[in-house]
Amino acid sequence: MRQLASGQRDALALLVQRHQDKVRGLACRFLGRWDGAEDVCQDAFLRVYETAAQYQPNGQFTTWLYRVVANLCWDRRKRARREAQALPNGSWAGWATNDEMPVERRERLERICRAVAALPERQRLVLVLSRYGNLTRAEIVAVTGWSLPAVESCLVRAYRRLRELLSDEEDGCGGRD
Amino acid sequence: MKHVREIDLIELSTGELPEAHGADVRAHLRTCPKCRRRYESCNGVHEALSDWASDTAGWNLWADIRERMVTGRRVVVASHWTSRQRVWRAAAAAAIAVGLGHGAGRLTWRHTAPTPPIPTMGSEQQVREVLSLGVIESPSPTGLFAAYVHMTTDENRAEDQP
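Worth saying up front: this structure is predicted, and the values here are computed from it rather than measured.

The rules behind the values
- Residues numbered from 1 in each chain as written.
- Chains lettered and ligands numbered in written order.
- Predicted model: local features only at pLDDT ≥ 70, side-chain atom pairs only at ≥ 80, totals over all residues.
- Helix = DSSP H or I, 4+ residues; strand = E, 2+ residues; numbered from the N terminus.
- Buried ≥ 20, exposed ≤ 12 C-beta atoms within 10 Å, placed from the backbone.
- Contact = placed C-beta atoms within 7 Å.
- pLDDT = per-residue confidence, 0-100.
- Core = buried A, V, L, I, M, F, W, Y, C linked by C-beta atoms within 7 Å.
- Axes fitted to C-alpha atoms, helices over the stretch in contact; angles between N-to-C directions.
- Parallel < 35°, antiparallel > 145°, perpendicular 65-115°, else oblique.
- Left-handed = near helix turned anticlockwise from the far one by under 90°.
- Nonpolar A, V, L, I, M, F, W, Y, C, P; charged D, E, K, R; others polar.
- Arc of directions from axis to C-beta.

Some thoughts on the overall build of chain B
Now for step 1: The helix and strand tally for chain B stands at 9 helices and 0 strands.
Now for step 2: Helices and strands in chain B line up, N terminus first, as α-α-α-α-α-α-α-α-α.
Now for step 3: Residue burial in chain B is summarised as follows: out of 162 residues, 9% are buried.
Now for step 4: The long-range fraction of contacts in chain B, counting pairs at least 24 apart against all pairs at least 6 apart in sequence, stands at 40%.

Here you go:
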């Protein structure tokens, strides 16, 4: 980050290479859109570049980076809600599956994607940061700015809701058979 | 008996529970079937979420960012449509194009088909064709043909003269 603050673009290239997969995974899973997630990823690293001089190394870089990503995702969702653009359900699973996948696996993935999409946004964000960002509760507090009880409550409710949704989906599949 | 908090069960399934606290929770789970069931359901959700892997093979974000820094323009990424979705999109586009073309044709097409020529009284053959006399001449059960022959032969015409 010090090299980046002094204007060395190679340092940014290194950061991008190291963190792009995680950042993209977070953005994709929260937004449910591949193209929206790509935009967020570009914006996030550009913001890192622009604000490198103000970066204070008093925590992990990933916490700071994920905070930037979370804020960008949140803004994007707020903008979409204001413009009455619902995330099309079809796009949730579209980027996570492909035609070469076995049918069973694809159906399982689609069930999971639909279940996560059905979560309220706060629960979805905490779940994605915890499960796919591998952040601890304290780190999620640092990323989101929410209180520890709020983060814990979101995570517990997310798991409960997912349990209900995934078991409903399985029952539905069993009923059709 | 004090049961385990759900957040601790979640963290136990994700492997993030601190070791000392984790040992206490595991000891409780050995003696409490209710908490054991709750832990198994948390673990089930955790395992299910593991299936959701993101595929980033072949993705070069740095190239997009570098282009954006140089040109100042946002790099628009190609749509991540599956081949099946592309086929459906193409079919839908074709159907819409056909529908629009049909609608536009109906609005602009005028009837220009040539009308059949009105036959003028000319030769006897033409008259016979127009009046479908061939039908009358066919040997029919009603005897029209015979009546016609009777009327048209010279002998009968002579008898009919006053």
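Once the structure has been displayed, the description carries forward.
Some details on the confidence of the model for chain B
Now for step 1: Averaged over every residue, the pLDDT of chain B is 75; residues scoring 70 or more account for 61%.
Now for step 2: The complex model carries a pTM of 0.64, and its ipTM stands at 0.73.

What about unusual backbone geometry?
Residues and elements named next belong to chain A.
Now for step 1: For Asn-134, which is not glycine, the phi dihedral falls at a positive 55 degrees.
Now for step 2: Along the chain, the position of Asn-134 falls in the loop between helix 7 (121-131) and helix 8 (137-144).
Now for step 3: The partly exposed category is assigned to Asn-134, around which 13 C-beta atoms lie within 10 Å.

Focus on the nonpolar core
Now for step 1: Ranked by size, the top nonpolar core spans 54 residues in total, and within it A:Ala27, A:Val40, A:Ala44, A:Val69, A:Val126 and A:Leu129 carry the most contacts.
Now for step 2: When residues of this core are assigned to their parent elements, the largest contribution, 9 residues, is made by helix 2 (residues 9-31) of chain A.

Let's talk about the packing of helix 7 of chain A against helix 8 of chain A
Each packed pair of helices is defined by two parameters, the angle between the axes and the distance between the axes.
All names here are of chain A.
Now for step 1: Running from N to C, helix 7 and helix 8 point in directions that differ by 130 degrees, and their axes come no closer than 10 Å. Judged on the interaxial angle alone, helix 8 and helix 7 are oblique. Note on packing geometry: the crossing formed by helix 7 with helix 8 is right-handed. Counted together, Leu-125, Val-126, Leu-129 and Ser-130 of helix 7 and Ile-140, Val-143 and Thr-144 of helix 8 form the full contact between these two elements.
Now for step 2: The class makeup of the residues in the contact of helix 7 with helix 8 is 5 nonpolar, 2 polar and no charged.

Some thoughts on the environment of A:Arg122
Now for step 1: Here A:Arg122 is to be found in helix 7.
Now for step 2: Separated by 92 residues in sequence, A:Arg122 and A:Phe30 place their C-alpha atoms 9.9 Å apart.

Topic: helix 8 of chain A
All names here are of chain A.
Now for step 1: Those residues of helix 8 not exposed but buried are Glu-139, Ile-140, Val-143 and Thr-144. Down the axis of helix 8, the smallest arc covering the buried residues is 125 degrees, so these residues share one side.
Now for step 2: Gly-145 sits one or two positions beyond helix 8 and adopts a positive phi of about 80 degrees.

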